Amino acid sequence: MRLRRQRRGPRSAGERVERLLVMLPWILERGQVRLADMAKQFRLSEKELMDDLMMVSMCGVPPYTPDALIDVRVDEEWVIAEVPNMFRRPLQLTSAEVFVLSAMRDAAMRIPGADRNGPLASALNKLKSLLPKDDVGVTVDLRAVRYLEELRDALDRGAEVKISYFTPSTASRSERNVVPRRILESFGNWYVQGDDSASGEMRTFRIDRIDALDFTGRTVPVIEMDDDDETWFADATEFVTLSVSPKARWIVEQYPYVSREESADGRIVVKMAVTSEHWLGRLLLRAGTEASVVEPAKWSGLGARAARSVLARYGS
Amino acid sequence: MPRASSCRSGICATPRAPSLSGVATSVSQAERMINLLALLVERSRPLTLKQIRRELGNQYSEQDEAARAAFERDKSELRKMGIPIEMVTLGGDQAGEGGYTVDRRSFLLADLKLTDAERSALELAIATVRMGALVGEGALWKLGGERVAKTPSTSVNIQMTDDVLVALASGVVERKTLTFTYKGEARKVDPYGLLARGGFWYLVGHDHLRAAQRVFRVDRIASSIGVGAKGSFDRPVGFDLARAVPTERDMLADGEAEATHAVVRVDVVLASRVREEFGEESVVATNADGSMDFSIPCANLAAFKSWLFAMVDRAEVLSPPFVRDHVIGALREIAELSS
């Protein structure tokens, strides 16, 4: 959920060459691709891509006559490569790529409803020859959660479900009708985003807080969602700044934050979005004496208040 | 758009500046690297640096020292990409001289002959499981696939920065010993595997400093990662990655407190969730108001409190008295905090 921006500085010669060695067989297999599409695919600007293609079209082997050069050209808005060259096959996978594919294989097969005999399984089977003989050493341990399969089914069909949902901030249950639009595993939890009939808006629910689920029988057209990580912060309207000792570092590690700063004595000043006062009180209680509120002032006594409410329960 | 250059002879190696009527200018390093690789791939026999310089025209400096330095730089960059440029000692009339060669089979990917359906399934799977994005995309392009711009309706986010991933992954995949700083100490670790669980990455391996198997939270590695030589260790037979990393339940039980278990009463709103987490066997009693009493491991009191306090006032330790008093003491300390 933490937003990560892609680093974009000037590209080194090595980066340009490595990317070109990936692009050459890729374009050769297709014959021709629109320049704009190809730039987008490889996350380059059209100018960067054009520069790279121009450069590589002047490369080849001695005597560097036209027939000895790599045949790639840009014609109008099309990139064209038809004549096989010395770089017609892609480079072997790097160990990091082998690792990512193995992790992806592990995770994809653990998602409930994964088709163990479908095209993904057979593609992964073919990939085996590229991977080390024994197990690579990566496991993606996705937490099992109830109703995930039902929600995936509802999402695929545009089916509405009635859920009984537990809201920790009020420690209450509510019944809601939801059309699932997107399912996401993030930071170890499964979430479903969907049209919530009670509010008439898109809402996010943690799937492990759904206590009961039924199909209502109503279906609506399936819509495609845009890629938009920001949605996860959309509900938060307030922010808190905490000073956290190294012992309570998990606060910074477990929750998305807006900014953080480490001071010389090892304390971390972190600004994070607050979804509810109850949530923050609970966080401060768990952190105990290792975290304090810097601002806003209205929350400075929140941890102590939470502790007193629990003490009341112990009769002291 | 037609090709923009007219200068195409081996003598005139200034394709970047064709308008300068043959005046030698420095060819960009990227271009020179591609020409070097193309040359070595096309020639089946090893070439000496002298031959390479002649073949490439004046793409390398005319000065021996500068040319050698640039060549070494190019060679090392290409090796980093997994292109092994080998040096062999030549015989015959070049006896004793070093020749460079590259075997295309050693760095080109075999054709997997993926069907369209298989390729689409891979594209979707890579978009579904999101890790260091660029690394996954690189693999996909090499397999002839395309990055899917739309987010699949179900996705899994496993965050990890690319540079850490690359170093750790290469250590695990190629069995290289790693060095890094962890909890203020310099560690040397034989990495057995990486596990993603609960939003975190864990590295499991043999810690030379402790002379034992240890688990490291990857995001707590406080330095860059030093990577040793390939194949420097063997993973123990029967190693089980998932079991090597303790779960939350294991962690609550992993400590030295006097009591191993505490009885905790949980209000009805949370009881079913605790039962799901700790299992039916943890239920000690079900009360008339729907609340339930559970027997929960508490040997690690710090972890136990963190778990307990997440329920705020919806849970209460009933026994043993030592644990109950400890919890009350901790709460009083927090309640007295003056911010």
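What you are looking at is a predicted structure, and each value in this text was computed from that prediction instead of being measured.

A.B. asks: Quick rundown of the interface of chain A and chain B? Include the residues and the values.
C.D. replies: Buried accessible area, meaning the area lost when the parts come together, often serves as the stated size of an interface. Contact with chain A, which involves 126 residues of that partner, is made by 129 residues of chain B. Summed over both sides, the interface of chain A with chain B buries roughly 11100 Å², with 59% coming from carbon and sulfur. Interface area lost by chain A to chain B is led by Tyr64(A), Arg313(A) and Tyr314(A), which between them contribute 7%. Note that Glu29(A) and Arg119(B) form a salt bridge whose closest N and O atoms lie 2.6 Å from each other. Counting across the chain A and chain B interface gives 37 residue pairs in polar contact (both at pLDDT 80 or more). Considering every element that reaches the side of chain A that touches chain B, the biggest residue donor is helix α1 (residues 13-30) of chain A, with 12 residues. Partitioned by chemical class, the residues of the side of chain A that touches chain B number 63 nonpolar, 24 polar and 39 charged. In this structure, strand β4 (residues 138-141) of chain A lies alongside strand β6 (residues 185-197) of chain B, joined through four bridges in parallel fashion.

A.B. asks: Talk me through unusual backbone geometry; I want residue IDs and the actual numbers.
C.D. replies: Residue Pro63(A) follows Pro62(A) across a cis peptide bond; omega there is 5°. If you trace the backbone, Pro63(A) turns up in the loop between α3 (46-57) and β2 (73-75). The phi torsion at Lys183(B) lies on the positive side, around 50°, for a residue other than glycine. Tracing the backbone through its elements, the reader meets Lys183(B) in the loop between β5 (178-182) and β6.

A.B. asks: So what about the sheet that holds strand β3 (residues 78-80) of chain A? Which residues, and what values?
C.D. replies: Two strands in a sheet stick together by hydrogen bonds in their backbones, pointing the same way (parallel) or opposite ways (antiparallel). Residues and elements named next belong to chain A. As summarised here, the arrangement of the three strands in space is β1-β3-β2, forming an open sheet in which the pairing is antiparallel. Looking at which strands have only one partner, the edges of the open sheet turn out to be β1 (32-34) and β2. Averaged over all neighbouring strand pairs, the angle between strand axes comes to 30°, with direction disregarded. Relative to β3, β2 is paired through three bridges, and the arrangement is antiparallel.

A.B. asks: Explain helix α4 (residues 95-110) of chain A residue by residue, including any values.
C.D. replies: Taking 1.5 Å of rise per residue, the 16 residues of α4(A) would be expected to cover 22 Å, and the 23 Å separating its terminal C-alpha atoms lies within 8% of that figure. Within α4(A), 14 of the 16 residues are buried, which leaves it mostly tucked inside the rest of the structure.

A.B. asks: Let's hear about the pattern of salt bridges: which residues, and what values?
C.D. replies: Evaluation of the coordinates by the stated rule reveals 40 salt bridges over all chains. We note a salt bridge from Glu160(A) to Arg218(A), for which the minimum N-O separation is 3.1 Å. Taken together, the residues Glu160(A) in strand β5 (residues 159-167) and Arg218(A) in strand β9 (residues 210-219) connect sequence positions 58 residues apart. For Glu160(A), a relative accessible area of 5% puts it in the buried group. The partner of Glu316(B) in a salt bridge is Arg324(B), and the shortest N-O contact between them spans 3.0 Å. Arg324(B) shares its class with Glu316(B); the two are buried. Within the structure, one salt-bridge network assembled from shared partners comprises Arg11(A), Arg16(A), Glu48(A) and Asp52(A).

Parameters and conventions
Residues numbered from 1 in each chain as written. Chains lettered and ligands numbered in written order. Predicted model: local features only at pLDDT ≥ 70, side-chain atom pairs only at ≥ 80, totals over all residues. Heavy atoms only, no water. Contact = heavy atoms within 4.5 Å. Buried area = accessible area lost by both parts, 1.4 Å probe. Salt bridge = Lys/Arg side-chain N within 4 Å of Asp/Glu carboxyl O. Polar contact = N/O pair within 3.5 Å; in protein donor to acceptor, adjacent residues only side chain to side chain. Helix = DSSP H or I, 4+ residues; strand = E, 2+ residues; numbered from the N terminus. Nonpolar A, V, L, I, M, F, W, Y, C, P; charged D, E, K, R; others polar. Pairing = 2+ DSSP bridges. Axes fitted to C-alpha atoms, helices over the stretch in contact; angles between N-to-C directions. Expected span 1.5 Å × (residues − 1). Buried < 20%, exposed > 50% of the residue type's maximum accessible area, 1.4 Å probe, protein only.

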